[in-house]
Amino acid sequence: MAQLFTYPEARRDSNVVDEYHGQKIADPYAWLEDPDGEETKAFVDAQNQVTMPYLEKCEVRKPFHQRLKELWDFPKYGCPKKRGSRYFYFMNTGLQNQSVLYVQDSVDGEAKVFLDPNTLSDDGTVALRGYSFSEDGEFFAYGLSSSGSDWVTIKFMKVSTAEQLPDVLERVKFSCMSWTHDGKGLFYNMYPKEPGKADGTETTANFNQKLCYHVLGTPQGNDVLCAEFPDHPKWGSGAELSHDGRYIVLSICEGCDPVNRLYYCDMQTLPNGIDGLLPWVKLVDNFDAEYEYINNTDTVFTFKTNLKAPKYKLINIDFAKPEMEHWTDLVAESETDVLEWSACVAEDKLVLCFLHDVKNVLQLHNLSSGAKVTTFPLDVGTITGYSGRKQDNEIFYQFTSFLTPGIIYNCDLTKEQLTPGVFREIKVQGFDASLFETKQVFVASKDGTKIPMFIVHKKGIEMTGDHPVLLYGYGGFNISITPSFSVSRIVFIQNLGGILAIPNIRGGGEYGETWHKGGMLANKQNVFDDFQSAAQFLIDNKYTAASKIAINGGSNGGLLVGACVNQRPDLFGCSIAQVGVMDMLKFHKFTIGHAWTTDFGCSDKKEEFEWLIKYSPLHNIRVPADDTVQYPSTLLLTADHDDRVVPLHSLKYIAELQDVMRNVSKQTNPLMIRVDTKAGHGAGKPTAKVIEEYSDIYAFIAKTLGLNWQD
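What counts, and where the lines are drawn
Residues numbered from 1 in each chain as written. Predicted model: local features only at pLDDT ≥ 70, side-chain atom pairs only at ≥ 80, totals over all residues. Heavy atoms only, no water. Salt bridge = Lys/Arg side-chain N within 4 Å of Asp/Glu carboxyl O. Helix = DSSP H or I, 4+ residues; strand = E, 2+ residues; numbered from the N terminus. Buried < 20%, exposed > 50% of the residue type's maximum accessible area, 1.4 Å probe, protein only. Contact = heavy atoms within 4.5 Å. Phe/Tyr/Trp six-rings, centres within 6.5 Å; stacked < 30°, edge-to-face > 60°. Lys NZ or Arg CZ within 6 Å of the ring centre and 35° of its normal. Expected span 1.5 Å × (residues − 1).

A. The pattern of salt bridges, seen in detail. Tallying each qualifying case throughout the model produces 37 salt bridges. For Asp-696, the salt bridge identified is with Arg-61, shortest N-O distance 2.5 Å. Taken together, the residues Asp-696 in helix H10 (residues 687-705) and Arg-61 in helix H2 (residues 61-72) connect sequence positions 635 residues apart. Residue classification places Asp-696 among the buried positions, given a relative accessible area of 3%. When its relative accessible area of 13% is taken as the criterion, Arg-61 is described as buried. Taking the shortest distance from any N to any O, the salt bridge between Arg-506 and Asp-530 comes out at 2.8 Å. In this pair, Arg-506 is assigned in the loop between strand S34 (499-503) and helix H4 (513-517) and Asp-530 in helix H5 (residues 524-540), connecting sequence segments 24 residues apart. Each of the two residues, Arg-506 as well as Asp-530, counts as buried.

So this is what it looks like as structure tokens:
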């Protein structure tokens, strides 16, 4: 008989009942919302004591870990960026916990270490989170985050001598870092001091972000408050300086929707400089569309916008004639392609990056007319890096794909022939791309919408209906899941005989704001339908069987996994939910969760509560009605310093799932959680921790799907 697992008994507090619009909803594990409670700590320890020995005993864990570490050990480079007279780039020799920032006097000059975050902690858990050079390249501001928290400390260096300056800025989160062109100081964002701790393990909501100006060489207590919105505690802002240094452009957001208010300040109207709240001119004072600053020539500003253009376009606004009837299109919206980003380069040119059926297209346009000059040649894949500013005559861009670790190209824009050259190619020892193939298929979802899906596998496999599949999805917040190179997925394909499948489900930005809106708020169920349709397609086309499908997603993708196993436990063999949003009725109460109501809605409103209660993973766990169906083998992952999606989501979900299925004899699949320490939502995670985490995930997949290691 299959093994029945013994899970920790968690106290169910039947006295905790919340009322939503006349409906009573029990919340028996609300005590797990206190990360510092002794009971919570005991629960986490007890869960790890079940999970970690199970993972360590998985036969595949050791060879997977060894192979992953071997393959991971290749040099990883970023694009060189010119700042002042020097060039800077990031490089990781292979297994360094954090990438190192190097400086060169010329692009082919000797490289010296400028900043090595690995020296800032013994275990690599202090990471660089944002940085900014002064306009002349002589001063450097950089953010540091500890243990994966979103909280950042900003420090400063003098570039010529690489010496640390005494300035330190605290209570910084979701911040801009924008220097005034005189190099005297920079704009940044901070939150007011709250009672209690702020180290990333707290759950306190973040409200009332402020924009401040710090003068180099002065204490933070003297910083100038430049913008605050006491009547709108959820608003956050970011300032940037126009290319000519004259205007401060302020973008204000209220959540995660691609919309913002647009204010500006002309620094020539500040006789005493920056000495208090700035006299902002409100150019756009609503949340109807997004406006992103690209360039200005005197008072004529170019913005990227989705105003009446769900696939985005470039418009010109003359600050001297700011009324909307004077606005003009510079590059019109494409019928088929999403404009992802644009940058001004070589004074009079624009680089535009489009997304065409989830594949990037890179073009050069004329700044004055908007006309296309050329399209740069690219394989099927993603532009993951770019550098080149208005004052630069050359650009660098980095290309990657499922089977291409990275190629950095450069192009001199002063030449008659605009021919990009390979500046650097990243090679992985022991990886032969010719053994694999990538294809894109289009899957009909429940409502007939065609969903693109990438499929990667070994060449020459036969469709026998039993290959293990890793089905990965996200589906939210206008984020596009484009081709990327993943060593762990390559090992899964190469050594576990796996197939990788990535459907570009609605909620993402793959086809612009219409695609995003098709999977948010009242339309969120489309996201789950798209993902389930992708799984069904793989079964129908003999790639695999339901019992061989492992589904995986993180954050909003963890919500996807949680909702899908509740709705269709029969469709998957294994589920891996990383740092997932599981309690859809209370997510807005913790840290920055209130910003996600733009995508999810909020249980405080009756209509939106009705959407959320239907799919909230925590509130829809039930014993499957069919006697032959159990929950797939489930592994949740979270971490103590995740202050983006706080761990209580995963803790409450696993407590409820284990309780519901505990005495159900057909539930022989494991239901487990792995809670990491000194780790957060994912950004800046040290290499050693990433390798451990992937080894655990794939060991669990291999064990529960019955996969054997193949050398």
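B. The arrangement of the environment of Pro-310 in detail. Along the polypeptide, Pro-310 turns up in the loop between strand S20 (300-305) and strand S21 (313-318). What makes Pro-310 partly exposed here is its relative accessible area of 30%. Pro-310 sits 237 residues away from Asp-73 along the chain, and the two C-alpha atoms are 41 Å apart. Beyond its immediate sequence surroundings of up to four residues, Pro-310 is in contact with Glu-333, Gly-512, Glu-513 and Thr-514.

C. How the structure looks around the packing of aromatic side chains. Inspection of the entire model under this criterion finds 49 aromatic pairs. For the pair Phe-74 and Phe-485, a centre-to-centre distance of 6.4 Å together with 85° between the ring planes defines the contact as edge-to-face. Pair noted here: Phe-74 is in the loop between H2 and strand S3 (76-77) and Phe-485 is in the loop between strand S33 (469-472) and helix H3 (487-495), with a separation of 411 residues, a long-range link. With a relative accessible area of 18%, Phe-485 lands in the buried category. Ring plane angle 45° and centroid distance 5.8 Å describe the contact between Phe-376 and Tyr-397, whose orientation is recorded as tilted. Of this pair, Phe-376 sits in strand S26 (residues 372-376) while Tyr-397 sits in strand S28 (residues 394-401); the two residues are 21 residues apart in sequence, bridging distant segments of the chain. Of the residues examined, Tyr-397 reaches a relative accessible area of 0% and is grouped as buried. Cluster of aromatic residues (ring-pair linked, three or more members): Phe-88, Phe-90, Phe-114, Tyr-131, Phe-133, Phe-140 and Tyr-142. Lys-304 extends its terminal NZ or CZ atom over the ring of Tyr-312, reaching a point 4.3 Å from the ring centre.

D. Layout of H2. End to end, H2 covers 16 Å across 12 residues, agreeing with the expected 16 Å (1.5 Å per residue, within 8%). If you check which residues of H2 are buried, you get Arg-61, Phe-64, His-65, Arg-67, Leu-68, Leu-71 and Trp-72. Contacts from the buried residues of H2 go to helix H1 (38-57), S3, H3 and H10.

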